[in-house]
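Okay, here's what each chain looks like letter by letter:
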Amino acid sequence: MIWTLNAHSDTCQTGGIDVSMATAPKRTSVTQGASNAVITAAMKVHTELGPGLLESANPACLQVELGIAGVRSATQVGLPLVYCPVKLELGYRIDLLAEDLVVVEIKSVEALSFVDHALILSYLRVRDLKVGRLCPSSLPIVLEVTTELAAAEGDDGIASAY
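Scoring rules and cut-offs
- Residues numbered from 1 in each chain as written.
- Predicted model: local features only at pLDDT ≥ 70, side-chain atom pairs only at ≥ 80, totals over all residues.
- Heavy atoms only, no water.
- Helix = DSSP H or I, 4+ residues; strand = E, 2+ residues; numbered from the N terminus.
- Buried < 20%, exposed > 50% of the residue type's maximum accessible area, 1.4 Å probe, protein only.
- Contact = heavy atoms within 4.5 Å.
- Areas by Shrake-Rupley, 256 points an atom, 1.4 Å probe, with all protein chains shown as cover.
- pLDDT = per-residue confidence, 0-100.

Visitor: Please give an account of the overall build of the protein that cites residues and values.
Guide: Of the regular secondary structure elements, the protein holds four helices and ten strands. Starting at the N terminus, the α and β elements of the protein follow one another as β-β-β-α-α-β-β-β-β-β-α-β-β-α. Per-residue burial over the protein gives 42% buried out of 162 residues. Residue pairs at least 24 apart in sequence account for 59% of intrachain contacts in the protein once pairs closer than 6 positions are excluded. Within the structure as shown, the protein displays about 8200 Å² of accessible surface, and the carbon and sulfur contribution to it stands at 59%.

Visitor: Before we move on, could you go through the confidence of the model for the protein and cite the residues and values that matter?
Guide: For the protein, mean pLDDT is 75; residues scoring 70 or higher make up 72% of the total. The model gives residues 1-26 a pLDDT under 50, and that stretch makes 68 contacts with residues more than four places away or in other chains.

Visitor: Quick one: what's the story with unusual backbone geometry, residue by residue and with numbers?
Guide: In this structure, Gln76 is a non-glycine residue whose phi angle is positive, near 50°. Not every positive phi belongs to a glycine, and Cys84 is a case in point at roughly 50°. Residue position: Cys84 is located in the loop between strand 5 (81-83) and strand 6 (86-88).

What follows is the structure, given as structure tokens:
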């Protein structure tokens, strides 16, 4: 099951977050392929190992599954922040980056929070990417977070979803 954040359609409640089965924004076939591969890999890992893995174990398992599927990926990708044009190495790390196009953040939490969504949106903006996947390892779902939806929903892209 794939839940897409969308404040502009009929929604249902899941873990305190409004989500919908709305259609995702159009994107390139390479990005879509990588995104779909992440979903498949996340579901395989969850089915095989179940909930409760350490947050560090999930990206490693996802990377194995993506490798089997022929999708390039890297874990713990450094994310420098550029400010006034100084490059700041502040320790930000993307859990997994698929095909250099899809940011994947894995959370070992009971319920996702506003901060989890804000973090992945920030990673997308800093990296200038459009698609991210937020994977709560405790549930067999994968949330899609896109900068297109964020732009349609307002400045922060998340506040209007609550």
